[in-house]
Amino acid sequence: MELCNSTLESGFILVGILTDSGSPGLLYTTISVLYTLALTSNGLLLLVITVDARLHVPMYLLLGQLSLMDLMLTSVVIPKTLVDYLRGENAIFFEGCALQMFLVLTLGGAEGLLLAFMAYDRYVAICHPLNYTVLMRPRICWLMMATSWTLAFLNSVIHTSYTMHFPFCMTRDIRHLLCEIPPLLKLACADTSRYEFMVYVSGSIFLMPSLAAILASYMFVLVAVLHMSSGEGRQKALLTCSSHLTVVGMYYGAAMFMYVQPSSYHSPRQDNILSVFYTVITPALNPLIYSLRNKEVMGAFRRVLGRFSFIQDGGCHIEAL
């Protein structure tokens, strides 16, 4: 029991990918650049969608939520990782570990559900364009976003509470980039086999239906696209769908390896690589994949830049007078 109390008082040590890397300096620089890219691209996309009224439609409102989730998810993990490396300290308090786990599970779970709703939005837009304004009216769009946050929040509360109630009386070293369920359970001095099975089942229930809905939506979209008479329209739709599926593959691939794969197949090195993938690589690439080839987003970006430059020029003109 003394060891348990010691863990509660002193917390844990995060032995992440920077600590175990053979070239931590290069990896630190890479993660810093990706984090800066994630902040900049998601922040700009969120700003453009918020400011430009022409983008206040379901597709872009959902995309704005995705940017918000990515912005928050990467900021929950990466700044601490970078600062800890510079300071040479990797400690995290027990309460901080619980909070980090709760936020990552909430944001990650909400993003998984949101990707399914975004796939449904594209299915309705391409396969039922005449009914789009009815099937994706604002009330339904906001309900989708609220559902993503609510279900993810409830799932996160349950798992965080249950995981952190175990007595941690083994080593304080978490061989992982952040506080997550699989590496933390390895430190517990109680039998966690039943809970590990529950994590596997709940992970499957949470991820598999969403993934199945996404694949079904895009299958119908692909069939509809192949029957398009316009070659240009077909190419545009295929590019959009392939970009979205790339995002889905990155997110769900990492999540399934982490939460659906049996614990006996987990290794610290593999888990660390996966954690970098969904905490910084995916958030950095998502806004580029969704908006780089989107003429409406790029046009809105130019309008917002023009508006800010006009305000700045007007202010300078007034000062000159």
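Every residue gets a number counted from 1 within its own chain, in the order that chain's sequence is written. Owing to the predicted nature of the model, reporting of local features is limited to residues with pLDDT of at least 70; listing and counting of side-chain atom pairs is limited to 80 or more, with chain, interface and lining totals taken over all residues. For side-chain calculations, the full set of non-hydrogen atoms in the structure is used, while hydrogens and water are omitted.

- The name given to the chain in an unreviewed UniProt entry is Olfactory receptor, and the organism recorded there is Muntiacus reevesi.
- UniProt positions are given in the numbering used here, feature names are shortened, and annotations may be inferred rather than shown by experiment. Entered under Function (unreviewed entry) in the UniProt record, the comment concerning the chain runs "Putative odorant or sperm cell receptor."
- Listed in UniProt under the heading Subcellular location (unreviewed entry), the comment for the chain reads: "Cell membrane".

**A word on the environment of Val297**
Next up, step 1: Mapped onto the fold, Val297 is located in helix 12 (residues 295-320).
Next up, step 2: Relative accessibility decides the category of a residue: with a 1.4 Å probe and only protein chains considered, values under 20% of the type maximum give buried, values over 50% give exposed, and everything between is partly exposed. Given a relative accessible area of 4%, Val297 falls into the buried group.
Next up, step 3: Val297 sits 237 residues away from Tyr60 along the chain, and the two C-alpha atoms are 8.8 Å apart.
Next up, step 4: The contact rule is simple, with two residues in contact once any of their heavy atoms fall within 4.5 Å. Here Val297 is in contact with Leu45, Val48, Tyr60 and Ser291, once residues within four sequence places are set aside. To qualify as a helix, a DSSP run of H or I must reach at least 4 residues; to qualify as a strand, a run of E must reach at least 2; elements of each kind are numbered from the N terminus.

**Notes on the pattern of salt bridges**
Next up, step 1: Salt bridges are defined by distance alone: a side-chain nitrogen of Lys or Arg within 4 Å of a carboxyl oxygen of Asp or Glu. If you walk through the whole model with that rule in mind, you get 4 salt bridges.
Next up, step 2: In this structure, Arg303 engages Asp52 in a salt bridge whose closest nitrogen and oxygen atoms are separated by 3.0 Å. Of this pair, Arg303 sits in helix 12 while Asp52 sits in the loop between helix 3 (24-51) and helix 4 (58-87), and the two are 251 residues apart along the sequence.
Next up, step 3: Exposure remark for Arg303: the relative accessible area of 30% places this residue in the partly exposed category.

**Here's the deal with the packing of helix 5 (residues 94-127) against helix 9 (residues 193-226)**
Next up, step 1: Comment: axis = line fitted to C-alpha atoms, over the contacting stretch for helices; angle = value between 0 and 180 degrees taken between N-to-C directions. For the pair helix 5 and helix 9, interaxial distance at closest approach is 9 Å and the crossing angle is 20°. Accordingly, the angle class assigned to the pair helix 5 and helix 9 is roughly parallel. Note that helix 5 runs across helix 9; the crossing there is left-handed. Where helix 5 approaches helix 9, its residues Gly109, Gly112, Leu113, Leu115, Ala116, Ala119, Tyr120, Arg122, Tyr123, Ile126 and Cys127 are matched on the opposing element by Phe206, Ser210, Ile214, Ser217, Tyr218, Phe220, Val221, Ala224 and Val225.
Next up, step 2: We call Asp, Glu, Lys and Arg charged. Ala, Val, Leu, Ile, Met, Phe, Trp, Tyr, Cys and Pro are nonpolar, and the rest, Gly among them, are polar. A breakdown of the residues in the contact of helix 5 with helix 9 according to their chemical character gives 15 nonpolar, 4 polar and 1 charged. Here is the rule for angles: anything less than 35 degrees is roughly parallel, anything more than 145 is roughly antiparallel, 65 through 115 is roughly perpendicular, and the remaining ranges are oblique. Working rule for handedness: look at the near helix, and if it is turned counterclockwise from the far one by less than a right angle, call the crossing left-handed; if clockwise, right-handed.

**A word on the environment of Ala213**
Next up, step 1: You can see Ala213 is positioned in helix 9.
Next up, step 2: A relative accessible area of 35% means that Ala213 is categorised as partly exposed.

**Things to note about the confidence of the model for the chain**
Next up, step 1: In this model, the chain carries an average pLDDT of 84, and 87% of its residues clear a pLDDT of 70 or more.
Next up, step 2: The least confident element of the chain is helix 1 (residues 2-10), whose mean pLDDT is 52; the most confident is helix 7 (residues 138-164), at 94.
Next up, step 3: Residue-level confidence of the predictor, termed pLDDT, takes values from 0 up to 100. Predicted confidence is poor over residues 317-321, with pLDDT under 50, and the contacts of this stretch with residues over four places away or in other chains come to 0 contacts.

**Focus: the packing of aromatic side chains**
The description of an aromatic ring pair rests on the distance of the ring centres and on the angle between the ring planes.
Next up, step 1: Note on aromatic pairs: the rings of Phe, Tyr and Trp (six-membered ring only in Trp) are paired at centre separations within 6.5 Å, and the planes decide the class, stacked below 30 degrees, edge-to-face beyond 60, tilted for the rest. Evaluated as defined, the whole model comprises 12 aromatic pairs.
Next up, step 2: Ring centres 5.1 Å apart and planes at 85° place the aromatic pair Tyr251 and Tyr252 in the edge-to-face group. The same class applies to Tyr251 and to Tyr252, which are both buried.
Next up, step 3: Members of the aromatic cluster, connected to one another through ring pairs, are Phe12, Phe94 and Phe168.

**Notes on the sheet that holds strand 3 (residues 173-174)**
Next up, step 1: By definition, two strands form a pair when at least two bridges between them are found by DSSP. Taken in spatial order, the 3 strands of this open sheet run 2-1-3, and their pairing is mixed. Edge positions in the sheet fall to strand 2 (91-92) and strand 3, since each of these pairs with one other strand and no more.
Next up, step 2: The pairing of strand 1 (residues 12-14) with strand 2 spans 2 bridges and is antiparallel. The residue bridging Phe12 from the neighbouring strand is Ile92, located in strand 2.

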